[in-house]
Amino acid sequence: MTGYSYACISTHHLFDHKPDNLLKTGHKHHLSGFYKFGTPGVAIAWGDADCIDDFMDTLKRAMPQKKFELVFLRPWKLETRPQEWNEVQPPTLKDELVKL
């Protein structure tokens, strides 16, 4: 898939320490969106589909034991989208997901 997309990335658990905190680097892959440490570890990313794939590859190479899963990858056709890459807490995650 090419073009502007959004995706859900998940794994059983992620904590804010090395190497798990590699999840914080989505912005280095030209992505915007949000991520949540904990069980499960989740990221919702907006960006070019190739950038999302590169980010997934980076996570899988760095942490093969985590078994990252691409829950979905869909085209994004709306004008609005997150402009930053930020951590969210569980209550905020629900609010962010409702906006989708």
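Up top is the structure.
Predicted model only: the values in this text are computed from it and were never measured.

Student: Describe in detail the side chain of Lys36, supporting the description with residues and values.
Tutor: Inspection of the secondary structure puts Lys36 in strand β2 (residues 32-36). No salt bridge is formed by the buried Lys36. Its closest oppositely charged neighbour is Glu87, at 8.8 Å. Of note is the side chain of Lys36, whose polar atom sits 2.6 Å from the backbone oxygen of Pro40. Those residues in contact with Lys36 that lie beyond four places of it in its chain are Leu23, Gly41, Val42, Val88, Pro90 and Leu93.

Student: Go over the pairing of strand β1 (residues 4-11) with me, naming the residues and quoting the values.
Tutor: Put simply, side chains in a regular strand alternate between the two faces of the sheet. Burial within β1 is extensive, with 7 of its 8 residues counted as buried. When β1 meets strand β3 (residues 41-48), the two strands line up antiparallel, connected through 8 bridges. Opposite Thr11, over in β3, you have Gly41 as the bridge partner. Here β1 pairs with strand β4 (residues 69-75) via 6 bridges, running antiparallel.

Thresholds, definitions, all that
- Residues numbered from 1 in each chain as written.
- Predicted model: local features only at pLDDT ≥ 70, side-chain atom pairs only at ≥ 80, totals over all residues.
- Heavy atoms only, no water.
- Helix = DSSP H or I, 4+ residues; strand = E, 2+ residues; numbered from the N terminus.
- Buried < 20%, exposed > 50% of the residue type's maximum accessible area, 1.4 Å probe, protein only.
- Lys, Arg positive; Asp, Glu negative; His and termini not counted.
- Salt bridge = Lys/Arg side-chain N within 4 Å of Asp/Glu carboxyl O.
- Polar contact = N/O pair within 3.5 Å; in protein donor to acceptor, adjacent residues only side chain to side chain.
- Contact = heavy atoms within 4.5 Å.
- Pairing = 2+ DSSP bridges.

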